[in-house]
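Structure assessment
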Amino acid sequence: MSEPERYLVQEVHNFGGFFGGDTVTLTAARPQAPEQEETLTIDQGALVNVRDRHTICAGMLLALTLAGDRIDRAELLGAASHAELRAALGPAQPQEHLDSPQILSYQCPSCGLWVAGAPNTMHCRICGTQLA
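Residues numbered from 1 in each chain as written. Predicted model: local features only at pLDDT ≥ 70, side-chain atom pairs only at ≥ 80, totals over all residues. Heavy atoms only, no water.

Let's talk about the pairing of strand 1 (residues 5-15)
Of the strand pairs in this sheet, strand 1 and strand 4 (residues 61-67) are connected by four bridges, and their pairing is antiparallel. Bridging from a neighbouring strand, R6 pairs with A63 of strand 4. Pairing geometry for strand 1 and strand 2 (residues 23-29), over six bridges, is antiparallel. Considered in strand 2, the bridge of V9 is made with A28. (Pairing = 2+ DSSP bridges. Helix = DSSP H or I, 4+ residues; strand = E, 2+ residues; numbered from the N terminus.)

Below you can see the structure in the form of structure tokens.
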């Protein structure tokens, strides 16, 4: 299996696929090469932290693990808005016992995205920018 590659969703084409399958087909590009758009199809089962493929939308950043042309794993890293991120991730599942507040997401001014999870030692998990 390859290392995950980041793709920014440009457009969602359809949900379902041929004969009404459980896929989402979209156009996405790697952030370092936005002019090289690719059409990708992701099976519902490959979505590791997205509750439903119908919540995938333009502006989301996905980490995709590819096996040839097939996507084995797709993880949502961030979204253009907090509402889109929360809708895709579903209701928060806090740990039973918390010693301090739990960070579920944050907004990175450099990336322009709402990022899933807590920052890495006050640095953005996506771009590495120091957060205020």
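As for the nonpolar core
The nonpolar side chains of soluble globular proteins are, as a tendency, buried together. Counting 23 residues, the largest nonpolar core has L26, I42, I56, M60 and L64 as its most contacted members. When residues of this core are traced back to their parent elements, those giving at least two are strand 1, strand 2, strand 3 (38-43), strand 4, strand 5 (70-79) and helix 1 (82-89). Counting residues per element, this core draws most heavily on strand 5, at four residues. When sequence neighbours within four positions are dropped, the list of residues in contact with I42 reads D22, T23, V24, L26, L47, L62, L64, I71 and A74. (Core = buried A, V, L, I, M, F, W, Y, C linked by side-chain atoms within 4.5 Å. Buried < 20%, exposed > 50% of the residue type's maximum accessible area, 1.4 Å probe, protein only. Contact = heavy atoms within 4.5 Å.)

A few points about the sheet that holds strand 4
Ordered in space as 3-2-1-4-5-7-6, the seven strands form an open sheet in which the pairing is antiparallel. Taken across any chain shown, the strands that pair with only one partner, and hence form the sheet edges, are strand 3 and strand 6 (105-108). In this sheet, adjacent strand axes meet at a mean angle of 45° when their direction is disregarded. Bridge analysis of strand 2 against strand 3 gives six bridges, and the strand direction is antiparallel. Across the sheet, residue A28 finds its bridge partner in strand 3, namely E38. In the packing of helix 1 onto the sheet, contacts are made with strand 5, strand 6 and strand 7 (113-116), and the angle to strand 5 comes to roughly 140°. (Axes fitted to C-alpha atoms, helices over the stretch in contact; angles between N-to-C directions.)

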